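One letter stands for each residue in the lines below.
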Amino acid sequence: MYQALYRKWRPTRFADVVGQRHITDTLRAQLESGRLSHAYLFTGTRGTGKTTCAKILARAVNCTNLTGGDPCGTCPACRGILDGSILDVVEIDAASNNGVDNIRDIRDEVRYTPASVKKRVYIIDEVHMLSQGAFNALLKTLEEPPEHVLFILATTEINKVPATILSRCQRFDFRRIAPHDIAHRLLEIAEEEQIPLTDGGARMIARLADGALRDALSILDRAAAGSSGPIDEEQVASGVGILAGDTAVDLMRYILAGDLTDAIGQLTESYTAGRELGAVLDQLLGLVRDMLLMKTSKSDVSALLSPAYPARTVQELCGQVPATRLLAYTHVLQDALMRMPRAANRRIEAELCVVRLCQLQADDYDTLSGRVDALEEKVARGLVAAPAAVAAPVQPQDDEGFPSDADAPPPGDDDMQPFAATETAQKPKKPQKLECSPQWNDITLAAKKLLPMSTFAQLTFAKGVLHGNDLYVVCEDPFTCELCGEAKVKQALAQAAHSVMGREYRVKVMEESNVGTLSTKANPVDDIIRRAGELDIALEIDD
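By convention here, each chain's residues receive numbers from 1 onward along its written sequence. With pLDDT at 70 or above as the cut-off, local features in this predicted model cover only qualifying residues; side-chain atom pairs require 80 or more to be listed or tallied, and sums for whole chains, interfaces and linings still use all residues. With hydrogens and water set aside, each side-chain value is computed from the structure's full complement of heavy atoms.

Visitor: Just checking my understanding: could you explain the overall build of the protein chain for this structure?
Guide: For the protein chain, the count of helices and strands is 23 helices and 8 strands. Exposure is judged per residue with a 1.4 Å probe applied to protein chains only, and the accessible area is read against the type maximum: over 50% gives exposed, under 20% gives buried, and values in between give partly exposed. Across the 543 residues of the protein chain, 45% fall into the buried class. Whether two residues are in contact is decided by their heavy atoms, any of which lying within 4.5 Å being enough. For the protein chain, long-range pairs separated by at least 24 residues make up 76% of all intrachain contacts whose partners lie at least 6 apart in sequence. Counting every atom, the protein chain has about 27,900 Å² of accessible surface; 49% of that belongs to carbon and sulfur. To qualify as a helix, a DSSP run of H or I must reach at least 4 residues; to qualify as a strand, a run of E must reach at least 2; elements of each kind are numbered from the N terminus. For the accessible areas, the method is Shrake-Rupley and the probe is 1.4 Å, while residue cover comes only from the protein chains on display.

Printed below as a string of structure tokens:
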């Protein structure tokens with residue numbers, strides 16, 4: 001009958017335990033010196049070797065031919081404990097035997113000496129599941145057991161074990177097993193079992209196991225059962241239901257480039273292949289985590305990265321991406337993962353998440369500094385606003401290309417908003433390269449005193465043109481237009497323009513693509529007013 005790999009390859013000696021050298025060396029030293037405790041408490045996450053070490057310790061304390069602190073495995077005591085014929089080593093599952101009566105039975109049994117071995121050993125697994133009454137019943141026996149009794153408690157949730165129990169035991173904390181140790185052990189077992197496991201497949205399994213060797217062996221068992229060829233990354237990903245390493249990197253490249261079509265296509269292929277979309281998003285979150293570490297750390301973090309992605313690949317992905325954008329990715333992915341279990345259609349939820357990742361908006365950033373970083377990234381990369389797919393309606397324009405005020409309503413609150421389109425739609429003209437009015441620099445410097453530094457930085461991505469009683473703030477793209485269109489920014493600009501020019505101006509924010517052929521010549525009247533102000537000459541202006 002076939003036996004699962006994690007049962008078949010359970011270590012029988014301390015030397016075979018992977019990744020817990022700090023514990024196995026201590027236990028072997030205690031066995032050799034004879035300085036054993038009467039009660040041990042093993043704690044740690046699943047699959048790290050707690051029960052395995054408890055069984056090895058139970059054989060070692062009864063072994064008649066102890067070698068280097070390890071049980072020999074050949075003496076009658078070792079063989080009897082291994083095959084279960086010796087009843088003096090008792091393994092109890094506290095999840096199903098958690099009552100006071102179960103502990104009372106143990107308390108009654110410890111009075112009798114073992115029949116065929118030196119010590120009676122009680123291994124209580126998942127001890128945190130015991131009831132409060134059971135813990136109280138165990139206290140006195142655990143504190144002063146007979147010399148022929150050894151208690152070994154194991155738990156994954158140490159916080160649920162009462163302090164009175166903790167103080168009576170010698171505690172050992174089991175660490176998560178390092179991915180490279182898991183991958184090395186998997187390759188050794190695969191070679192013995194004649195399983196064609198590749199190095200890449202072993203590294204992927206080690207990453208998915210999250211420090212638990214038992215989970216890694218279970219994944220290998222599943223992948224080997226459903227494959228007739230080499231077990232590589234693609235085969236492991238297909239068996240577990242996640243993306244292969246190269247596929248995840250390609251999907252991240254599409255997201256960074258804003259290529260929504262290819263990103264959704266990649267997600268559709270994963271869905272068709274039967275992969276769990278929640279695991280796909282979780283894998284993307286892990287990749288973003290690696291990118292953040294690489295981007296923000298000032299030292300080498302190669303040892304902290306997931307083994308599924310080479311450090312050079314992660315470095316290439318995060319090369320031109322600001323950390324604030326990666327943080328925005330984490331929020332979008334975490335929100336989607338929280339909604340995924342309750343979503344009526346998981347595929348749609350995952351696709352909406354990818355859409356948000358490809359088209360981040362200002363609201364997706366935590367702080368204003370993050371939004372400014374996004375703008376700086378666009379300027380550094382030379383990105384401009386893409387033309388609209390549908391021609392936007394424009395207003396009639398005067399000789400200089402500005403919207404005509406002939407049909408405009410009286411000045412009011414609406415005048416502080418971007419231009420409203422008319423009902424007639426026509427194809428906008430291709431905008432020329434704009435230049436700021438000479439007074440724009442003075443106006444922004446005056447506005448600097450009225451705005452926080454982070455808000456003032458927005459104005460460096462816009463151009464100001466004075467025309468009549470209006471100050472037009474022309475933005476390159478909708479993102480900048482949204483930021484500069486905030487009420488506090490427009491009010492500060494209006495106040496700054498009044499202080500520089502000596503007259504009231506209406507601030508209007510608009511996109512460059514919505515402006516016709518703009519004249520870049522400065523208004524001579526505005527220049528005269530500015531020069532008169534510099535010379536302290538009072539002018540009477542007739543509007």
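Visitor: Which parts of the structure should I look at to understand unusual backbone geometry?
Guide: In terms of backbone geometry, most residues other than glycine have negative phi values and most peptide bonds are trans. In this model, Q194 sits at a positive phi of 60°, which is unusual for a non-glycine residue. Of note, D210 is a non-glycine position whose phi angle comes to about 55°, a positive value. Checked against the element boundaries, D210 lands in the loop between α9 (199–209) and α10 (213–225). By relative accessible area, D210 is classed as partly exposed at 41%.

Visitor: Explain the sheet that holds strand β7 (residues 470–475) to me, please; I cannot follow it from the model alone.
Guide: Each strand in a sheet pairs with its neighbour through backbone hydrogen bonds, running either in the same direction (parallel) or in the opposite one (antiparallel). Pairing between strands requires that DSSP locate at least two bridges from one strand to the other. Across the sheet, which stays open at both edges, the 3 strands sit in the order β6-β7-β8 with mixed pairing between neighbours. Every interior strand has two partners, whereas the edge strands, β6 (462–467) and β8 (506–511), have only one. In this sheet, adjacent strand axes meet at a mean angle of 25° when their direction is disregarded. As paired elements, β7 and β8 share 6 bridges and run parallel to each other. Within β8, the residue paired with V474 across the bridge is M510. Angles shown run from 0 to 180 degrees and are taken between the N-to-C directions of axes, each axis being a line fitted to C-alpha atoms and, for helices, limited to the stretch in contact. Contacts from helix α19 (residues 440–448) reach β6 and β7 within the one sheet, and its direction differs from that of β6 by about 115°. Lying on the sheet, helix α22 (residues 487–501) is in contact with β6, β7 and β8; it crosses β8 at an angle near 125°.

Visitor: Sorry, what's going on with the state of the cysteines here?
Guide: The term disulfide refers to a covalent linkage connecting the sulfur atoms of a pair of cysteines. Cysteine sulfur atoms that come within 2.5 Å of each other are treated as a disulfide pair. All told, the structure shown has 0 disulfides when counted by the stated rule. This cysteine, C353, is not joined by any disulfide, and C358 carries the nearest cysteine sulfur, 9.5 Å off.

Visitor: When you look at the confidence of the model for the protein chain in this model, what are you seeing that I'm missing?
Guide: If pLDDT is low for a region, its predicted coordinates should not be looked at in detail. The predicted model of the protein chain has a mean per-residue pLDDT of 78, with 77% of residues at 70 or higher. Considering only residues more than four positions removed or in separate chains, one finds that residues 406–433, a stretch of pLDDT under 50, has 42 contacts. Residue-level confidence of the predictor is what pLDDT reports, using numbers from 0 through 100. With pLDDT under 50 throughout, residues 517–522 is counted as low confidence; its partners more than four residues away or in other chains account for 13 contacts.

Visitor: Got a minute to help me understand the sheet that holds strand β3 (residues 120–125) in this structure?
Guide: On the basis of which strands lie adjacent, the open sheet formed by 5 strands has the order β2-β3-β4-β1-β5 and parallel pairing. Lying at the two open borders of the sheet, with one neighbouring strand each, are β2 (89–93) and β5 (170–174). Neighbouring strand axes in the sheet, compared pairwise and without regard to direction, differ in orientation by 15° on average. Pairing of β2 with β3 involves 5 bridges; the strand directions are parallel. Residue pairing for β3: V89 is matched across the bridge by V121.

Visitor: Got a minute to help me understand the packing of helix α8 (residues 179–193) against α9 in this structure?
Guide: Geometry of a packed helix pair, given as the angle between the helix axes and the separation of the axes. Running from N to C, α8 and α9 point in directions that differ by 130°, and their axes come no closer than 8 Å. With respect to each other, α8 and α9 are oriented oblique. At the point where α8 passes α9, the crossing takes the right-handed sense. Residues P179, I182, A183, L186 and L187 of α8 form the contact with α9, whose participating residues are D199, A202, R203, I205, A206 and A209. Note on residue categories: nonpolar means Ala, Val, Leu, Ile, Met, Phe, Trp, Tyr, Cys or Pro, charged means Asp, Glu, Lys or Arg, and polar means any other residue, Gly included. Tallied by class, residues from the contact of α8 with α9 come to 9 nonpolar, no polar and 2 charged. The cut-offs work like this: below 35 degrees is roughly parallel, past 145 is roughly antiparallel, 65 to 115 is roughly perpendicular, and the gaps in between are oblique. What makes a crossing left-handed is the near helix being turned counterclockwise from the far one by less than a right angle; a clockwise turn instead makes it right-handed.

Visitor: Just to check I follow, could you spell out the pattern of salt bridges for this structure?
Guide: Close approach of charged atoms allows side chains of opposite charge to pair. The rule for a salt bridge is simple: a side-chain nitrogen of Lys or Arg has to be within 4 Å of a carboxyl oxygen of Asp or Glu. Tallied over the entire structure, the rule returns 23 salt bridges. Across the salt bridge formed by K55 and E91, the nearest N and O atoms sit 3.5 Å from each other. Remark: E91 occurs in strand β2 and K55 occurs in helix α3 (residues 50–60); sequence separation between them is 36 residues. You can call K55 partly exposed: its relative accessible area is 27%. Judged by its relative accessible area of 44%, E91 is partly exposed. A salt bridge links D101 to R104; the nearest nitrogen and oxygen atoms lie 3.7 Å apart. Linking D101 with R104, this pair stays in helix α5 (residues 100–109), spanning 3 residues, or about one helical turn. You can call D101 exposed: its relative accessible area is 52%.

Visitor: Is there a simple way to explain helix α6 (residues 132–143) in this structure?
Guide: For the α-helix, the turn length of 3.6 residues means that residues three or four positions removed from each other point alike. The end-to-end C-alpha separation of α6 is 17 Å, in line with the 16 Å expected for 12 residues at 1.5 Å each. Considering only its buried residues, α6 is in contact with β1 (39–44), α5, β4 (149–155) and α7 (163–166). By this rule the span expected of a helix is its residue count minus one, scaled by 1.5 Å.

Visitor: I keep staring at the nonpolar core and nothing clicks. Help me out?
Guide: Most often, soluble globular proteins keep nonpolar side chains buried together rather than apart. Each nonpolar core is a collection of buried residues, namely Ala, Val, Leu, Ile, Met, Phe, Trp, Tyr and Cys, held together in the definition by side-chain atoms within 4.5 Å. M252, I255, L281, M291, Y329 and L333 are the most contacted members of the largest nonpolar core, which totals 38 residues. It is helix α14 (residues 277–296) that contributes the most residues to this core, 10 residues altogether. With residues near it in sequence (within four places) discarded, M291 still touches M252, L256, V314, L317, C318 and L326. Listed in part, the 28 residues of the second largest apolar core include F42, A60, I81 and I86.

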